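Residue strings, one per chain:
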Amino acid sequence: DKMIVLSEVTVGKQSKPKTIVGRGMPMPGSCVLTGRGTPDGPEGGPMFTPDKDFIISNILLDIKKCTYKECKLSFNLYERRDSQLVNVLQKPIYQTVQQSNKDFTLSVEPTDILWLKRGTEYYLSVSMVDSEGEGTLMLDASMKSGYYRKGLINGEIKKVPVCPAIAVKGNEL
């Protein structure tokens, strides 16, 4: 006889993921990231408040073009507590993007369980933290308010009239 310890398992009905926050209305133009990227560089994305409890299944980012040979994006999820943004991730979610001249949607599936609480305001951001060489990353832009800040540590957050086309899907609890 041998004892094997398994990780936690939840048994239940698996529903089709629902859209928690949509991409917004497409607009002409792009949100553009240039330079080499830095771990504490600028970040931007939508602020949203779910009307139900959700577990995030994936984050979708619409990309128009990437002229870098390769670049690394960082996704962070913050909870607004009073006037502070508190990162709810143990570590950022990193995703590598390869050079491409075609539109595509980057689908990011978190490895950790990201539980969104009903009625809580969240800020989902994307930033470029590293790249191979110089280039440009063009993200589809949407006509919905986004938020931007220059520095991850103590950076002042500013509301801007456009936002990268980011959608968040998840399973309702």
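Cut-offs applied
- Residues numbered from 1 in each chain as written.
- Predicted model: local features only at pLDDT ≥ 70, side-chain atom pairs only at ≥ 80, totals over all residues.
- Heavy atoms only, no water.
- Salt bridge = Lys/Arg side-chain N within 4 Å of Asp/Glu carboxyl O.
- Helix = DSSP H or I, 4+ residues; strand = E, 2+ residues; numbered from the N terminus.
- Buried < 20%, exposed > 50% of the residue type's maximum accessible area, 1.4 Å probe, protein only.
- Phe/Tyr/Trp six-rings, centres within 6.5 Å; stacked < 30°, edge-to-face > 60°.
- Lys NZ or Arg CZ within 6 Å of the ring centre and 35° of its normal.
- Patch = residues over 30% accessible without salt bridge, like charges linked within 9 Å, V, L, I, M, F, W, Y side chains within 5 Å.
- Areas by Shrake-Rupley, 256 points an atom, 1.4 Å probe, with all protein chains shown as cover.
- Contact = heavy atoms within 4.5 Å.
- Polar contact = N/O pair within 3.5 Å; in protein donor to acceptor, adjacent residues only side chain to side chain.
- pLDDT = per-residue confidence, 0-100.

J.: Explain the pattern of salt bridges to me, please; I cannot follow it from the model alone.
T.: Pairing between side chains of opposite charge can happen when their charged atoms approach one another. Going through the model one piece at a time under the given rule, you end up with eight salt bridges. With a closest N to O distance of 2.7 Å, Arg-23 and Asp-62 form a salt bridge. Of this pair, Arg-23 sits in the loop between β1 (18-21) and β2 (26-34) while Asp-62 sits in strand β5 (residues 54-81); the two residues are 39 residues apart in sequence, bridging distant segments of the chain. With relative accessibility at 11%, the residue Asp-62 sits in the buried group.

J.: Which parts of the structure should I look at to understand the packing of aromatic side chains?
T.: Ring pairs (aromatic) are described by centroid distance and by the angle formed between their planes. Considering all chains together, one arrives at two aromatic pairs under this definition. When the centroid spacing of 5.7 Å and the interplanar angle of 25 degrees are considered together, the rings of Tyr-78 and Tyr-123 count as stacked. In this pair, Tyr-78 sits in strand β5 while Tyr-123 sits in strand β10 (residues 122-132), placing the two residues 45 residues apart along the sequence. Neither residue differs from the other here; Tyr-78 and Tyr-123 are each classed as buried. Looking at Lys-72, its charged tip hangs above the ring of Tyr-94, at a distance of 5.4 Å from the centre.

J.: Explain a nonpolar patch on the surface to me, please; I cannot follow it from the model alone.
T.: A cluster of nonpolar side chains, Ile-113, Trp-115 and Leu-173, forms an exposed patch at the surface whose accessible area comes to about 390 Å². By the secondary structure assignment, Trp-115 is in strand β9 (residues 115-116).

J.: What exactly am I supposed to notice about the environment of Ser-131 here?
T.: Relative to the assigned elements, Ser-131 resides in strand β10. In this structure the C-alpha to C-alpha distance between Ser-131 and Thr-96, which are 35 residues apart in sequence, comes to 9.1 Å. The residues touching Ser-131, leaving out its near neighbours within four places in the chain, are Gly-35, Arg-36, Tyr-68, Glu-70 and Cys-71. Within polar-contact distance, the side chain of Ser-131 engages the backbone oxygen of Arg-36 at 3.0 Å. Within polar-contact distance, the side chain of Ser-131 engages the backbone oxygen of Gly-133 at 3.0 Å.

J.: Teacher, can you tell me more about the confidence of the model for the protein chain here?
T.: Any residue range with low pLDDT should be treated as having predicted coordinates unsuitable for detailed reading. When pLDDT is averaged along the protein chain, the result is 88; 94% of the residues meet or exceed 70. Averaged pLDDT values over the elements of the protein chain bottom out at 86 in β2 and peak at 95 in strand β8 (residues 104-108).

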